[in-house]
Amino acid sequence: MAEVKVSSKQSIRNQYLAAFTVSLYPTAFGISYGWASPSTLLLTSDDSPLPSGKIDIDEASWVVSLACLGGLVGNIIFGFATSTFGRKKPLIFLAIPSIISWLLIWFAQNVYYLYAARFLNGMTGGGMYILIPLFLIEIANDRVRGTLGSLVILTTNLGLLLSFILGEFCDYNTTPKVTIVLIIIYAILFSIFPESPSALMKQNKITEAEKSIRFYQRIPESDKDESLQFEMNKLRTTIGCDKIEENSFNWSDLTKNPGRRAFIMGVGLAILYEFCGVIAMLNYSAIIFQETGSSMSPNMSAIVIGSIQLVGSIVTTNLVDRAGRKVLYVVSTTGTAFGQIILASYMMLKSMGYNVEAYNFVPITCFSLVLFLAAWGILTLPFLVIAETMPENLKDLLTSFCVALIWALEFALIKFLPFLNEILGFHGSLFLFAGICLIGTVLIILFVPETKGKSYEEIMKMLQ
């Protein structure tokens, strides 16, 4: 029976190939998302590349925040699309609006081109954060599900770092050219891979689902019975029926476990993702470091913190199927709060007129610590945990809802962070974010189950 459960490393080769291929898109999206940090400094300067001239601070804030509104719309569109067309077709379609968005940036004549581009950037990101986690979880063996699922954020962070580097060392038009090429490569390569078995089964394409299982599990054609039937039976159990229509969405499923608990947990992780404050600070990283008086240039500071965040994501990818989701989450929330408290204390003393020149290393050190530890759990694991804990008949809708909530909260935070800073001071905002992280730590310890290495059936039992 051990052979049936497929334990050889060779058996997951195609899963890794598909995961790394589909992860080319999060890399491209990371470049899109991070583009705002170095570019807003250039666009608001006298050296603005726009023929219409430089943009003002209010326009720059819309350039940053419109990606979040686009993400919200993208969640709705691609949430419905994945229920109808599966995972693969919508994932390939993402390339079209993404390329259009970069062409708008490349040939921008005024700020309205940038508004449209950022909205499209966000829209494709909204789709990506639904489609890719679902696709990866559906093709992955239980023992590597966490590793493959966490690749989405790891490669997004790689893209963020690339955007900071391109913004610092290359001219304005280089980033669009590089990203368009990357997106085209992604679309061509990913088209080779089959749809996920689960999506095919939901469409009643049984024969194609069998072929997909053979590909991703590397079951040879000569093996016509035991291994394939084991995986097919496992898939039928996961979907919950032989007749798919009996397993359709029902509102009453939200009023009882496991649906109710999974939904509440998903909403809680989405709120923590945003109100930990890290995403909002990341969007303003270059400007924040400029205001803290760091001797390093704003864009170089962004490159440093982007590198550390990427290292944190690599740590998570390596540990998520060893240490588990819950341990990483607790370390992440606690460590993030600790870094924010120290940085907030530094900023508070500076605002009170104390001489803190001797401690100019504190902003870059603490901000890097926050990003490094946030990448261990808060920023890396919610999409994975939400996707793997949702009941099958609620998965598409509730995953879409939770990701949409993330984008809505992100828009509000990015748009109104300056006003929050005016009321509380930057240090006050950091203290607030730290408090939310500590509350999150307690709630995760009490209510979030450990899903490491667990099958779908085992996860559903834990949520009862």
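Everything that follows concerns the structure shown earlier in this document.
The text that follows walks through the structure, step by step, so that each part is easy to find. Each residue is numbered by its place in its chain's sequence as written, counting from 1. Note on the predicted model: pLDDT of at least 70 is required for a residue's local features to be given, and 80 or more for side-chain atom pairs to be given and counted; whole-chain, interface and lining totals, by contrast, use all residues. The side-chain figures draw on all heavy atoms in the structure; neither hydrogens nor water molecules are used.

What to know about the overall build of the chain
Part 1 of the reasoning: A run of DSSP states H or I qualifies as a helix once it reaches four residues; a run of E qualifies as a strand once it reaches two. Both are numbered from the N-terminal end. Tallying secondary structure elements over the chain gives 22 helices and zero strands in all.
Part 2 of the reasoning: The quantity called the radius of gyration is restricted to C-alpha atoms. Its globule counterpart is 2.2 Å times the number of residues to the power 0.38. The globule rule puts the C-alpha radius of gyration for 464 residues at 23 Å, and the 22 Å found for the chain is close to it.
Part 3 of the reasoning: Buried, partly exposed and exposed residues are distinguished by accessible area as a fraction of the type maximum, computed with a 1.4 Å probe on protein chains only: under 20%, between the cut-offs, and over 50%, respectively. The proportion of buried residues among the 464 residues of the chain is 58%.
Part 4 of the reasoning: The contact criterion used is simple: two residues touch if any of their non-hydrogen atoms lie within 4.5 Å. Long-range pairs, those at least 24 residues apart, make up 82% of the contacts in the chain between residues at least 6 apart in sequence.
Part 5 of the reasoning: Areas reported as accessible are Shrake-Rupley estimates using a 1.4 Å probe. Residue values count occlusion only from the protein chains shown. Entry remark: accessible area of the chain is about 18,600 Å², with carbon and sulfur atoms responsible for 66%.
Part 6 of the reasoning: Here the chain contributes 32 positive and 34 negative side-chain charges, whose respective centroids are spaced 7 Å apart. His is not counted, nor are the chain ends, whereas Lys and Arg count as positive and Asp and Glu as negative. One atom stands in for each charge, and that atom is NZ of Lys, CZ of Arg, CG of Asp or CD of Glu.

Focus: the packing of aromatic side chains
Part 1 of the reasoning: Aromatic pairing here means that ring centres of Phe, Tyr or Trp (its six-membered ring) are within 6.5 Å. Orientation follows from the plane angle: under 30 degrees is stacked, over 60 is edge-to-face, and everything else is tilted. Scanning the entire structure with this criterion turns up 21 aromatic pairs.
Part 2 of the reasoning: Ring plane angle 90 degrees and centroid distance 5.8 Å describe the contact between F29 and Y129, whose orientation is recorded as edge-to-face. Of the two residues, F29 sits in helix α2 (residues 24-34) while Y129 sits in helix α7 (residues 111-139), which places them 100 residues apart along the sequence.
Part 3 of the reasoning: Each member of the aromatic cluster is reached from another via a ring pair, and the members are Y25, F135, Y186, F190, F193, F215 and Y216.

A few points about helix α6 (residues 95-106)
Helical geometry: 3.6 residues make up each α-helical turn, so side chains three or four residues apart lie on a common side.
Part 1 of the reasoning: Taking 1.5 Å of rise per residue, the twelve residues of α6 would be expected to cover 16 Å, and the 16 Å separating its terminal C-alpha atoms lies within 8% of that figure.
Part 2 of the reasoning: Listed in full, the buried residues belonging to α6 are A95, P97, S98, S101, W102 and I105.
Part 3 of the reasoning: Buried residues in α6 make contact with α2, α5 (88-93), α7 and α10 (174-190). An expected span of 1.5 Å times one less than the residue number is assigned to each helix.

Looking at a nonpolar patch on the surface
Part 1 of the reasoning: Like charges are joined within 9 Å and nonpolar side chains (Val, Leu, Ile, Met, Phe, Trp, Tyr) within 5 Å, but only among residues with over 30% relative accessible area and no salt bridge; these make up the patches. Salt bridge, as applied in this entry: a Lys or Arg side-chain nitrogen positioned within 4 Å of an Asp or Glu carboxyl oxygen. A cluster of nonpolar residues, I439, V442, L443, I445, L446 and F447, forms a patch on the protein surface that exposes about 590 Å² of accessible area.
Part 2 of the reasoning: Residue position: I445 is located in helix α21 (residues 395-447).
Part 3 of the reasoning: Take I445: its relative accessible area is 46%, and that puts it in the partly exposed class.

Considering unusual backbone geometry
Part 1 of the reasoning: Residues N257 and P258 are joined by a peptide bond in cis, for which omega reads 10 degrees.
Part 2 of the reasoning: Examined against the element boundaries, P258 turns out to sit in the loop between α13 (226-239) and α14 (259-275).
Part 3 of the reasoning: Despite not being glycine, R218 shows a phi value in the positive range, around 55 degrees.
Part 4 of the reasoning: Looking at the secondary structure, you find R218 in the loop between α12 (206-217) and α13.

So, the pattern of salt bridges
Part 1 of the reasoning: For the structure on display, the rule yields nine salt bridges.
Part 2 of the reasoning: The residue E138 makes a salt bridge to R87 at a minimum N-O spacing of 2.6 Å. One end of the pair, E138, is in helix α7; the other, R87, is in the loop between α4 (57-85) and α5, and 51 residues separate them in sequence.
Part 3 of the reasoning: Accessibility expressed as a relative area gives 1% for R87, which makes it buried.
Part 4 of the reasoning: Measuring nitrogen to oxygen at the nearest pair gives 3.0 Å for the salt bridge that ties E388 to R325.

Some points on the side chain of T175
Part 1 of the reasoning: Along the polypeptide, T175 turns up in helix α10.
Part 2 of the reasoning: Other than its neighbours up to four places away in sequence, T175 contacts I31, W35, W102 and L166.

Some words on the nonpolar core
For soluble globular proteins, the rule of thumb is that nonpolar side chains tend to be buried together.
Part 1 of the reasoning: Among buried residues, the Ala, Val, Leu, Ile, Met, Phe, Trp, Tyr and Cys ones that are joined through side-chain atoms within 4.5 Å form a nonpolar core. Membership of the largest hydrophobic core comes to 117 residues, with the highest contact counts inside it found for W35, L91, L114 and Y129.
Part 2 of the reasoning: Looking at which element gives the most residues to this core, the answer is α21, with 15 residues.
Part 3 of the reasoning: One finds I213, I219, L228 and L235 within the second-largest nonpolar core, a separate group that totals seven residues.

Points about the packing of helix α18 (residues 325-351) against helix α19 (residues 361-374)
Part 1 of the reasoning: Running from N to C, α18 and α19 point in directions that differ by 165 degrees, and their axes come no closer than 8 Å. Judged by the inter-axis angle, α18 sits roughly antiparallel to α19. For the pair α18 and α19, the sense of crossing is left-handed. Here α18 contributes S332, G335, T336, F338, G339, Q340, I342, L343 and Y346 to the contact with α19, which in turn contributes V362, P363, C366, L369, V370, L373 and A374.
Part 2 of the reasoning: Residues that form the contact of α18 with α19 fall into these classes: eleven nonpolar, five polar and no charged. Lines are fitted to the C-alpha atoms to define the axes, a helix being fitted only along its stretch in contact, and any angle between axes, read from their N-to-C directions, falls within 0 to 180 degrees. Roughly parallel means an angle under 35 degrees; roughly antiparallel, over 145; roughly perpendicular, 65 to 115; everything else is oblique. Note: crossing handedness is left-handed where the near helix turns anticlockwise from the far helix by less than a right angle, and right-handed where it turns clockwise. Nonpolar residues are Ala, Val, Leu, Ile, Met, Phe, Trp, Tyr, Cys and Pro. Charged residues are Asp, Glu, Lys and Arg, and all others, Gly as well, are polar.

Quick notes on the environment of K350
Part 1 of the reasoning: Along the chain, K350 falls in helix α18.
Part 2 of the reasoning: It is 9.7 Å that separates the C-alpha atoms of K350 and H427, two residues lying 77 residues apart in sequence.

Thoughts on α4
Part 1 of the reasoning: The end-to-end C-alpha distance of α4 is 41 Å, a good match for the 42 Å that 29 residues give at a rise of 1.5 Å each.
Part 2 of the reasoning: Along α4, the helix axis deviates most sharply at V64, where the bend reaches about 35 degrees.
Part 3 of the reasoning: Near the N-terminus of α4, the side chain that reaches the backbone nitrogen of D58, with its oxygen 3.1 Å away, is that of D56.
Part 4 of the reasoning: With its phi angle positive at about 85 degrees, G86 sits one or two positions after the end of α4. Throughout, the bend at a residue refers to the angle made by two axes, fitted to the seven residues ending there and to the seven starting there. In the analysis that follows, any N or O atom pair within 3.5 Å is treated as a polar contact, provided that within protein one partner can donate a hydrogen and the other can accept it, and provided that, for residues neighboring in sequence, both atoms belong to side chains.

Re the side chain of T40
Part 1 of the reasoning: With respect to the secondary-structure elements, T40 resides in helix α3 (residues 36-43).
Part 2 of the reasoning: According to the relative accessible area criterion, T40 is buried, its value standing at 7%.
Part 3 of the reasoning: Within the structure, T40 has its side chain in polar contact with the backbone oxygen of A36 (distance 2.8 Å).
Part 4 of the reasoning: If we skip the residues at most four places from it in the chain, T40 touches A60 and V64.

A look at the packing of α14 against α21
Part 1 of the reasoning: Contact geometry for α14 and α21: axes closest at 4 Å, N-to-C directions at 25 degrees. Between α14 and α21, the angle falls in the class roughly parallel.

Quick word on the environment of F433
Part 1 of the reasoning: Locating F433 in the fold gives a position in helix α21.
Part 2 of the reasoning: Since its relative accessible area comes to 2%, F433 is described here as buried.
Part 3 of the reasoning: In sequence terms F433 and C276 are 157 residues apart; their C-alpha atoms lie 5.0 Å from each other.

Describing the environment of T175
Part 1 of the reasoning: A residue is classified by how much of its surface remains accessible, and T175, at 5% relative accessible area, is buried.
Part 2 of the reasoning: Along the backbone, T175 and S32 are 143 residues apart, and their C-alpha atoms lie at a distance of 8.8 Å.

Read these as geometric descriptors, not functional statements.
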